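Overview (structure and organization)
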Amino acid sequence: MHTLTRADGYLLSTAPERLDLDLVHHWLSTDAYWARGRDRATVERAFAGSIGFGVYRPEDGRQVAVARAVTDRATFAWLCDVYIEPAARGRGLGTWLTGAVRDHLAEFGVRRILLATRDAHDVYAKLGFDPLARPDLWMQLDNR
């Protein structure tokens, strides 16, 4: 388990038992453009097979953000389901959370992290993420 505490008291944890999957499911299935309509069982399976990161507010420990890393814990990771609840936005939590995920994965030796975003390029660019330099090299199978 990995934990970090920010100077203002926000806590980040990878403890699976801390994740409020009902809340995460609500966020993703109702508000996240990439996961709208995702069912609860799929959210549960996705987090069970990944490293989940929760961010908890200092006042009461309530979860305010989440991210998920699908990884082999050796060479590669896909960062996904990064979500900050609307009331907690504007405090730098997305940048802090993403940096913490990046740094935690580096401890395993992970050197390549991919992600997809429609609207947060600036957040990720601050942390060293760049557009794919070799689109001629990368391919996908998208069966959505």
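Our structure is the block above this text.
Throughout what follows, the structure given in this document is the object of discussion. (Residues numbered from 1 in each chain as written. Predicted model: local features only at pLDDT ≥ 70, side-chain atom pairs only at ≥ 80, totals over all residues. Heavy atoms only, no water.)

Going through the model one piece at a time under the given rule, you end up with 12 salt bridges. Glu-44 is the salt-bridge partner of Arg-40, the closest N and O atoms lying 2.8 Å from each other. Taken as a pair, Arg-40 and Glu-44 lie in helix H2 (residues 40–48) at a separation of four residues, close to a single helical turn. A relative accessible area of 28% means that Arg-40 is categorised as partly exposed. Since its relative accessible area comes to 42%, Glu-44 is described here as partly exposed. Members of the salt-bridge network, linked through shared partners, are Asp-22, Arg-40 and Glu-44. (Salt bridge = Lys/Arg side-chain N within 4 Å of Asp/Glu carboxyl O. Helix = DSSP H or I, 4+ residues; strand = E, 2+ residues; numbered from the N terminus. Buried < 20%, exposed > 50% of the residue type's maximum accessible area, 1.4 Å probe, protein only.)

On to helix H3 (residues 93–107). Residue pairs spaced three or four apart in an α-helix point in one direction, given the helix's 3.6 residues per turn. An ideal rise of 1.5 Å per residue puts 21 Å on 15 residues; H3 measures up with 21 Å between its terminal C-alpha atoms. One or two residues past the end of H3 sits Gly-109, with phi positive at roughly 95°. (Expected span 1.5 Å × (residues − 1).)

Let us now look at the sheet that holds strand S5 (residues 76–84). Pairing in this open sheet of six strands is mixed, and the strands run S1-S2-S3-S4-S5-S6 from one edge to the other. Here the strands that pair on one side only, and so sit at the sheet edges, are strand S1 (3–5) and strand S6 (112–114). Across the sheet, the mean angle separating the axes of adjacent strands is 20° when strand polarity is ignored. Sheet analysis places strand S3 (residues 51–56) next to strand S4 (residues 63–71), joined by six bridges and oriented antiparallel. If you follow Val-55 over to S4, its bridge partner there is Ala-65. In the packing of H2 onto the sheet, the strands contacted are S3, S4 and S5, and the crossing angle to S4 comes to about 60°. (Pairing = 2+ DSSP bridges. Axes fitted to C-alpha atoms, helices over the stretch in contact; angles between N-to-C directions. Contact = heavy atoms within 4.5 Å.)

This part is about the pairing of S5. In terms of burial, S5 is a largely internal element, seven of the nine residues being buried. As defined by bridge partners, S4 adjoins S5 across six bridges and the pair is classed as antiparallel. By the bridge assignment, Arg-68 is partnered in S5 with Cys-80. Counting the residues that bridge the hairpin from S4 to S5 gives four residues, and of these Arg-73 lies at a positive phi of roughly 60°. Relative to S6, S5 runs parallel, the two sharing three bridges. For Ala-77, the partnering residue across the bridge sits in S6 and is Ile-113.

Shape descriptors only; they carry no functional weight alone.
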